[in-house]
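# Report on the structure
Residues per chain are reported as follows:
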Amino acid sequence: LPENCPWEAGPEDHIQVDLGDPANTADAIEEIKRRLPDGQLHALVNNAAIMERKPALEITPDDWSRVMETNLRGPFFMAQHAAQWMLTTGGGVIVNIADLSALHPWPSYLTHTISKSGVVAMTQTLALALAPSIRAFPNQLPSLLSEEPALLRGVDRNGTRPVYNRLTWNFTTG
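Remember, predicted model here, so these are calculated numbers, not experimental data.

Quick notes on the rules
Residues numbered from 1 in each chain as written. Predicted model: local features only at pLDDT ≥ 70, side-chain atom pairs only at ≥ 80, totals over all residues. Heavy atoms only, no water. Salt bridge = Lys/Arg side-chain N within 4 Å of Asp/Glu carboxyl O. Helix = DSSP H or I, 4+ residues; strand = E, 2+ residues; numbered from the N terminus. Polar contact = N/O pair within 3.5 Å; in protein donor to acceptor, adjacent residues only side chain to side chain. Contact = heavy atoms within 4.5 Å. Expected span 1.5 Å × (residues − 1). Bend = angle between axes of the 7 residues up to and from the residue. Core = buried A, V, L, I, M, F, W, Y, C linked by side-chain atoms within 4.5 Å. Buried < 20%, exposed > 50% of the residue type's maximum accessible area, 1.4 Å probe, protein only. pLDDT = per-residue confidence, 0-100. Axes fitted to C-alpha atoms, helices over the stretch in contact; angles between N-to-C directions. Parallel < 35°, antiparallel > 145°, perpendicular 65-115°, else oblique. Left-handed = near helix turned anticlockwise from the far one by under 90°. Nonpolar A, V, L, I, M, F, W, Y, C, P; charged D, E, K, R; others polar.

### Section: the pattern of salt bridges
Across all of its chains, the model carries seven salt bridges by this definition. Put simply, glutamate 31 and arginine 35 hold a salt bridge, and the shortest N to O gap is 2.7 Å. On the criterion of helical spacing, the pair formed by glutamate 31 and arginine 35 is a turn pair, its members being four residues apart in helix H1 (residues 23-35).

### Concerning the side chain of histidine 112
Along the chain, histidine 112 falls in helix H3 (residues 110-130). From its side chain, histidine 112 meets the backbone oxygen of isoleucine 50 in a polar contact 3.3 Å long. Those residues in contact with histidine 112 that lie beyond four places of it in its chain are Ala49, Ile50, Met51, Val67, Asn71, Asp99, Ser101 and Trp106.

### Details of helix H2 (residues 61-88)
The terminal C-alpha atoms of H2 lie 38 Å apart, and with 28 residues this matches the ideal 40 Å at 1.5 Å per residue to within 8%. Taken as a whole, H2 carries its principal kink of about 45° at glutamate 69. Positive phi appears at glycine 90, one or two residues downstream of H2, with a value of about 105°.

### Details of the nonpolar core
In a soluble, globular protein the nonpolar side chains are often hidden away together inside. With 24 residues, the main nonpolar core has Met86 and Ile94 as its most contacted residues. Only H1, H2, strand E2 (92-98), H3 and strand E3 (134-140) provide two or more residues apiece to this core. In this structure isoleucine 94 touches Leu44, Ala79, Ala83, Met86, Leu130, Ile134, Arg135, Ala136 and Phe137, once residues within four positions along its chain are discounted.

### A look at the confidence of the model for the protein chain
Across the protein chain, pLDDT averages 79, with 72% of residues at or above 70. Averaged pLDDT values for the elements of the protein chain fall to 43 in helix H4 (residues 141-147) and rise to 95 in H2. Contacts of residues 141-161 to residues separated by more than four positions or lying in other chains number 28 contacts, the stretch itself having pLDDT below 50. Here residues 170-174 is a poorly scored stretch, pLDDT under 50, and it has 14 contacts once near neighbours within four places are set aside; other chains count.

### Points about the packing of H2 against H3
Packed helices, taken two at a time, are described by their axes: the angle between them and the distance between them. Look at H2 against H3: their axes get within 9 Å of each other, and the N-to-C directions meet at 15°. With respect to H3, the axis of H2 lies roughly parallel. In this structure, H2 crosses over H3, and the sense of that crossing is right-handed. Within the contact between the two elements, H2 uses Trp64, Val67, Met68, Asn71, Leu72, Pro75, Phe76, Ala79 and Ala83 and H3 uses Leu110, Thr111, His112, Ile114, Ser115, Lys116, Gly118, Val119, Met122, Leu126 and Leu130. Its residues assigned to classes, the contact of H2 with H3 comprises 14 nonpolar, five polar and one charged.

Have a look at this one:
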């Protein structure tokens, strides 16, 4: 939440976007451009998710579409719009938030699990496609906390320090 931001930013420095509606991605980028006085976007943190608990055999096409629109399609187009802008101003960093379900499937949350696995694959592919000007990282917080001890330095209870660390890394992953 903006009031808990570790980078001393206020609510005016955050934009909340409903990524379930594809038209919102371009509108969000335009709003960000309007707010940034120097015209540069240095980082994008895509943190989109909806979770719907439903047995696999009861998932409808509408259920599938709603989750994929918000959790996978929306972040892709936010990343695409942001990357296009970043390339005109010298590059930047994109962090896409996934979660442990991408690595260890949650059978009661099938659509969420598949979408977050897609976010990881999308981010790895973007990292390769956009390098070296734009660095892209998937962030699976529970995985980071257990598998990357170096990131534990300064981790707060909201997990924002690992995201901040990813923003400051100066190399490409994929």
